[in-house]
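The lines below spell out each chain.
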Amino acid sequence: MSDGRRPSSQDARLEGVFGGPLDDLHERAVRPGASPALVRALELRVFLALAEAQVVRVRDRVHATMAPDAELDSLSSDALRFDAEWLEAALAARSGYRTALDKLLAAMPPAVRPLAAPAAVRPTVASSNLPPAPAGAGGGVVVRRG
């Protein structure tokens, strides 16, 4: 199974947010004019799926090593320490990818969210909305009046 099709814990969420099954989302992401948010979300999903697969692999290896019927001569504290470090790294990566995905989805403007109401008019930035510039902060622009 390729990394792009490996399951992740966030698949149902992405299907709900972007309004379609994962296979359709992958097809939409490669079309011209695809939503940058969809493309990035699917990229993060691939990384998350890989990190979750690593967590499962290490967990299963530790369980097999520590099984009641496992040979005592095969136990190695060095191998278990290495597995603990690997598990810590995989869990940290998983946490980081989930956080990045959460931030990406939270930052999507309503106009980009497929299931959101029609796009509202984008607010304009007027100088009255900006804080006053600090004294002497002319940005190096010289205005000459003649």
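Note on numbering: residues in each chain are counted from 1, in written sequence order. Local features in a predicted model are, by the rule used here, given only for residues with pLDDT of at least 70; side-chain atom pairs are given and counted only at 80 or more, and totals for whole chains, interfaces and linings are based on all residues. Hydrogen atoms and water are omitted, and side-chain values are computed over all heavy atoms in the structure.

Caption draft 1: Examining the pattern of salt bridges more closely. Within this document, salt bridges are pairs made up of a side-chain nitrogen of Lys or Arg and a carboxyl oxygen of Asp or Glu, the two lying within 4 Å of each other. Applying the stated rule across the entire model yields 6 salt bridges. Two residues, arginine 13 and aspartate 102, come together in a salt bridge whose shortest N-O distance is 2.4 Å. One end of the pair, arginine 13, is in helix α1 (residues 11-18); the other, aspartate 102, is in helix α4 (residues 77-107), with 89 residues separating them in the sequence. Judged by relative accessible area, which is 36%, aspartate 102 ranks as partly exposed. Its salt-bridge partner being arginine 61, residue aspartate 83 comes within 3.0 Å of it at the nearest N-O pair. Linking aspartate 83 in helix α4 with arginine 61 in helix α3 (residues 36-65), this pair joins segments that are 22 residues apart in sequence. Helix and strand definitions follow DSSP, with helices as H or I runs of at least four residues and strands as E runs of at least two, each counted in order from the N terminus. Whether a residue is buried, partly exposed or exposed follows from its accessible area with a 1.4 Å probe, protein chains only, as a fraction of its type maximum: under 20%, in between, or over 50%, in that order.

Caption draft 2: Local environment of the nonpolar core. Side-chain atoms within 4.5 Å link the members of a nonpolar core, which is a set of buried Ala, Val, Leu, Ile, Met, Phe, Trp, Tyr and Cys residues. Core analysis: the biggest nonpolar cluster contains 14 residues, and Phe18 and Leu101 have the highest contact counts within it. Of all elements in the fold, only α1, α2 (22-29), α3 and α4 reach the threshold of two or more residues within this core. Among the elements that line this core, the one with the most residues is α3, at 5 residues.

Caption draft 3: Spatial organisation of α1. All buried positions along α1 are accounted for by Asp11, Leu14 and Phe18. Buried residues of α1 fall within an arc of 65° about the axis and therefore sit on the same side. Directly beyond the C-terminal end of α1, a positive phi value near 70° is found at glycine 19. It is the directions from the helix axis to the C-beta atoms that the arc portrays.

Caption draft 4: Summary view of α3. Expected helix span is given by 1.5 Å per residue-to-residue step, counting one fewer step than there are residues. The first and last C-alpha atoms of α3 sit 44 Å apart over 30 residues, in line with the 44 Å expected at 1.5 Å per residue. Within α3 the residues assigned to the buried category are Ala37, Leu38, Ala41, Leu42, Leu44, Arg45, Leu48, Ala49, Ala51, Glu52, Val55 and Val58. By definition in these notes, contact holds between two residues if any of their heavy atoms fall within 4.5 Å. Close packing links the buried residues of α3 with α1, α2 and α4.

Caption draft 5: Up close: the packing of aromatic side chains. Side-chain rings of Phe, Tyr and Trp (the six-membered ring for Trp) are treated as a pair once their centres are within 6.5 Å; stacked means planes under 30 degrees apart, edge-to-face means over 60, and tilted covers the remaining angles. For the coordinates displayed, the defined rule picks out 2 aromatic pairs. Ring centres of phenylalanine 47 and tyrosine 97 lie 5.5 Å apart, and the angle between their planes is 35°; this geometry places the pair in the tilted category. You can see phenylalanine 47 sitting in helix α3 and its partner tyrosine 97 sitting in helix α4, a full 50 residues away along the chain. Judged by its relative accessible area of 42%, phenylalanine 47 falls in the partly exposed class.

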